[in-house]
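Per-entry structural report
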Amino acid sequence: MTFLEDLKKRILIMDGAMATTIKSYHIPSKYFLIKGNYYETLNLSYPELIKNIHQKYIEAGADILKTNTFNCSNIALQNPKFIDMVYTLSKEGAKIARESADISMKKIYVAGSIGPTNTSLSKYKNLSEIEKNFNILKSTYYKHINGLIDGGVDILLIETIYDYLNAQCIISVIEDIFHKRNIFLPVMLSFTINKNGKIFTGQDIKYLVCNLDRKFVVSFGFNCSFGSKGIKIFIKLLESLTTKPISLHPNAGFPDINEYYPETPEIMLENLKSLIENSELNLIGGCCGTSFEHIRKLSIYSKNKTPRNFTFCFDI
């Protein structure tokens, strides 16, 4: 059964947060290959932990594992000595998730997590500066995405899209890699929006869907943002703009100064019940601050519920 065939049959459950989950384990600094909490380096120094987290999310009901690779490109940009390790960190992150999926008793998909980095191309006003930094991003994304593919991912997930030019950069790299390698994988796009329904660089949802859609893009959705409650009105807007599957993996609200996320598993489920009941989603999961229990409750409630109907066919 293909990914899209599965999406037509049921609501697929994505896993929850990786970074905040790792943080809850209070990992000794000796495991981090560079100074700071670069969790992606744990793919090399502490793979058993990452695999354990994946397995716990599967036990909680996840059908899709996001690789521990969200910041791989960011590592390269901030730490020159890691430029040559982007491919390795990405490939190992994918392999860990792939191994976790393959030993499961049920079908598990692996989504290669591709984050936006903290470099916003839109902040540059000079065209030459934009082009220069665009090419820097492209260079590291080639390593990042090739590593994910070679590690065995089923899907590429471009998530937390907050800058339109950054997203264009990633998509251009994917297009080029697919062409050069003569392969195609489903690509999911997930935006991070504010309460006005716009990403950080000002584009609204309609503009994003119209300009970022490609034949290999299989879904549009939202992640992170501002919690689960207020996002519902934008799901309805997204429904009117695309016939493709829709995903949602919000954060558990905004953390306070003690890094406490206010949306408990019970609160998040209550906020999202109507979307599940009304068949408005195809994929649902969690972002920052969500835990195994968030995913467990979403999984149990979504079981046997009807997914959003869509007409898109991934045939390339």
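What counts, and where the lines are drawn
- Residues numbered from 1 in each chain as written.
- Predicted model: local features only at pLDDT ≥ 70, side-chain atom pairs only at ≥ 80, totals over all residues.
- Heavy atoms only, no water.
- UniProt positions renumbered as here; feature names shortened; annotations may be inferred.
- Helix = DSSP H or I, 4+ residues; strand = E, 2+ residues; numbered from the N terminus.
- Buried < 20%, exposed > 50% of the residue type's maximum accessible area, 1.4 Å probe, protein only.
- Contact = heavy atoms within 4.5 Å.
- Arc of directions from axis to C-beta.
- Expected span 1.5 Å × (residues − 1).
- Disulfide = S-S within 2.5 Å.

The name an unreviewed UniProt entry gives the chain is Homocysteine S-methyltransferase family protein, with Fusobacterium mortiferum as the organism. Turning to the chain, the UniProt record has this under Cofactor (unreviewed entry): "Zn(2+)".

This paragraph deals with the UniProt feature "domain: Hcy-binding" (unreviewed entry) in the chain. UniProt feature "domain: Hcy-binding" (unreviewed entry): in the numbering of this structure it lies at residues 1-302. When the span residues 1-302 is considered, its composition is 46% helix and 13% strand, and the gap between its end C-alpha atoms is 20 Å.

Moving on to the UniProt feature "binding site: Zn(2+)" (unreviewed entry) in the chain. When the UniProt feature table is mapped onto this chain numbering, "binding site: Zn(2+)" (unreviewed entry) sits at C224, C287 and C288. Separation in sequence by 65 residues is not matched in space for these annotated residues, since their most distant C-alpha atoms are only 6.5 Å apart. Of note, C287 is situated in the loop between β8 (283-284) and α12 (292-302). Exposure remark for C287: the relative accessible area of 10% places this residue in the buried category. In contact with C287, not counting residues within four places along its chain, are A17, N223, C224, H249, P250 and N251. With respect to the helices, strands and loops of the structure, C288 is situated in the loop between β8 and α12. Beyond its immediate stretch of four places on either side in the chain, C288 contacts A17, T20, C224, N251, A252 and Y261.

Turning to helix α10 (residues 232-241), a few remarks are in order. By the burial criterion, the buried members of α10 are F234, I235 and L238. Buried residues of α10, seen end-on, are gathered within an arc of 105° and therefore sit on one face of the element. Facing away from the buried side of α10 by over 90 degrees, the exposed positions are I233 and S240.

Let us look at helix α7 (residues 127-151). Because an α-helix completes one turn every 3.6 residues, residues spaced three or four positions apart along the sequence face the same direction. With 25 residues, α7 ought to run about 36 Å at 1.5 Å a step, and its terminal C-alpha atoms sit 36 Å apart, in line with that. Regarding α7, the residues found buried are I130, N133, L137, T140, Y141, H144, I145, G147, L148, I149 and G151. In this structure, the buried residues of α7 make contact with α5 (72-78), α6 (86-102), β3 (109-114), β4 (155-161) and α8 (164-181). One or two steps after α7, the chain reaches G152, where phi turns positive at roughly 105°.

This brings us to the state of the cysteines. One pass over the structure, following the stated rule, counts zero disulfides. Looking at C288, it has no disulfide partner, and the nearest cysteine sulfur is the one in C287, 3.9 Å off.

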